[in-house]
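Results of the structural survey
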Amino acid sequence: MAERTDGVWKPSPGSVYPTLQQLVDEELIVAGDEAAKGEYSLTEAGRTYVAEHADAVEAAWAATTGDEASDEFRESLGKLFGVVQQFRSGVTDAQRAAATAKLDETRRALYAILAD
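Here, residues in each chain are numbered from 1, in the same order as that chain's written sequence. Local features are withheld for residues below a pLDDT of 70 in this predicted model, meaning they are given only at 70 or higher, and side-chain atom pairs are given and counted only at 80 or more; totals for whole chains, interfaces and linings count all residues. Excluding hydrogens and water, the side-chain figures rest on all heavy atoms present in the structure.

**Side note on the overall build of the protein chain**
- Secondary structure is summarised from DSSP: a helix means a run of H or I of at least four residues, a strand means a run of E of at least two, and numbering begins at the N terminus for each. Scanning the protein chain from N- to C-terminus turns up five helices and two strands.
- All radius of gyration figures rest on C-alpha atoms, and the globule criterion is 2.2 Å times the number of residues raised to 0.38. At 20 Å, the protein chain has a C-alpha radius of gyration far larger than the 13 Å of a compact globule built from 116 residues.
- A simple rule labels every residue: compare its accessible area, found with a 1.4 Å probe on the protein chains alone, to the largest value its type can have, and call it buried under 20%, exposed over 50%, or partly exposed in between. Expressed as a percentage of the 116 residues in the protein chain, the buried residues total 8%.
- Considering only contacts in the protein chain between residues 6 or more positions apart, those separated by 24 or more positions represent 20%.
- All accessibility values rest on the Shrake-Rupley procedure with a 1.4 Å probe; residue burial counts only the protein chains present in the view. Accessible surface for the protein chain amounts to roughly 9,400 Å². Of this, 57% is attributable to carbon and sulfur atoms. We call two residues contacting when some pair of their heavy atoms lies within 4.5 Å.

**Structural notes on the environment of Arg96**
- Tracing the chain through its elements places Arg96 in helix α5 (residues 93-115).
- The residues contacting Arg96, other than those within four sequence positions of it, are Phe87, Arg88, Ser89 and Val91.

**Comments concerning helix α1 (residues 13-25)**
- By definition here, a helix of n residues has an expected span of 1.5 Å times n minus one. Between its first and last C-alpha atoms α1 spans 18 Å; for 13 residues at 1.5 Å apiece the expected length is 18 Å, and the two agree.
- Two residues or fewer after α1 comes Glu27, characterised by a positive phi angle close to 60°.

**Some details on the pattern of salt bridges**
- Think of a salt bridge as a Lys or Arg side-chain nitrogen and an Asp or Glu carboxyl oxygen that are within 4 Å of each other. In this structure the tally under the stated criterion is five salt bridges.
- Between Glu105 and Lys102 there is a salt bridge, with the nearest N and O atoms lying 3.5 Å from each other. Of this pair, Glu105 and Lys102 both sit in helix α5, three residues apart, which is roughly one turn of the helix.
- A residue is classified by how much of its surface remains accessible, and Glu105, at 44% relative accessible area, is partly exposed.
- For Lys102, a relative accessible area of 48% puts it in the partly exposed group.
- Asp104 is the partner of Arg107 in a salt bridge, and the nearest nitrogen-oxygen pair spans 3.4 Å.

**Overview of the environment of Leu20**
- Relative to the elements of secondary structure, Leu20 occurs in helix α1.
- Leu20 gets classed as buried once you look at its relative accessible area, which sits at 18%.
- Remark: the alpha-carbon pair of Leu20 and Gly38, spanning 18 residues in sequence, is separated by 9.4 Å.
- Among residues more than four places away in sequence, those in contact with Leu20 are Ile29 and Tyr40.

**Notes on unusual backbone geometry**
- A positive phi angle, near 60°, is found at Glu27, a position not held by glycine.
- Residue position: Glu27 is located in the loop between α1 and β1 (29-31).

**Details of the side chain of Thr43**
- Tracing the backbone shows Thr43 in the loop between β2 (40-42) and α2 (44-52).
- Residue contacts for Thr43: discarding those within four places in its chain leaves Glu27, Leu28, Ile29 and Val30.

**Observations regarding a nonpolar patch on the surface**
- On the surface, Phe73, Leu77, Leu80, Phe81, Val83 and Leu103 cluster together into a nonpolar patch covering about 540 Å² of accessible area.
- Among the elements that make up the nonpolar patch, the one with the highest residue count is helix α4 (residues 68-85) (five residues). Nonpolar side chains (Val, Leu, Ile, Met, Phe, Trp, Tyr) within 5 Å and like charges within 9 Å form the patches, drawn only from residues with over 30% relative accessible area and no salt bridge.

**Notes on the confidence of the model for the protein chain**
- Every residue carries a pLDDT, the predictor's confidence in it, which falls somewhere between 0 and 100. Here the protein chain averages 84 in pLDDT, while 91% of its residues score no lower than 70.
- By mean pLDDT, the top-scoring element of the protein chain is α5 (93), and the lowest-scoring one is α4 (81).

The following block contains the structure:
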């Protein structure tokens, strides 16, 4: 998926494997002989579903491609989320309060940009 979306969509194993299992349970895909290597195939029901929902499938893939500016924004947002996660635990109350204040300041600054 990351390759097909030029790195825009990089799902984690924690989201991929439950989704694959759900599709197996719905009999839309079947694990191949190389299931340990992550090879799955559409069942007849899966092929029918894809054919009947071709527009939605194409729209989902199209939504994962973006221009360079949105890619830079997405990358910056990912970095921000990464550091914010560190404040969930293992920090002092003072550090968390300072981070909260900075996030509130940043939120207000972003609203000011939108107001221009």
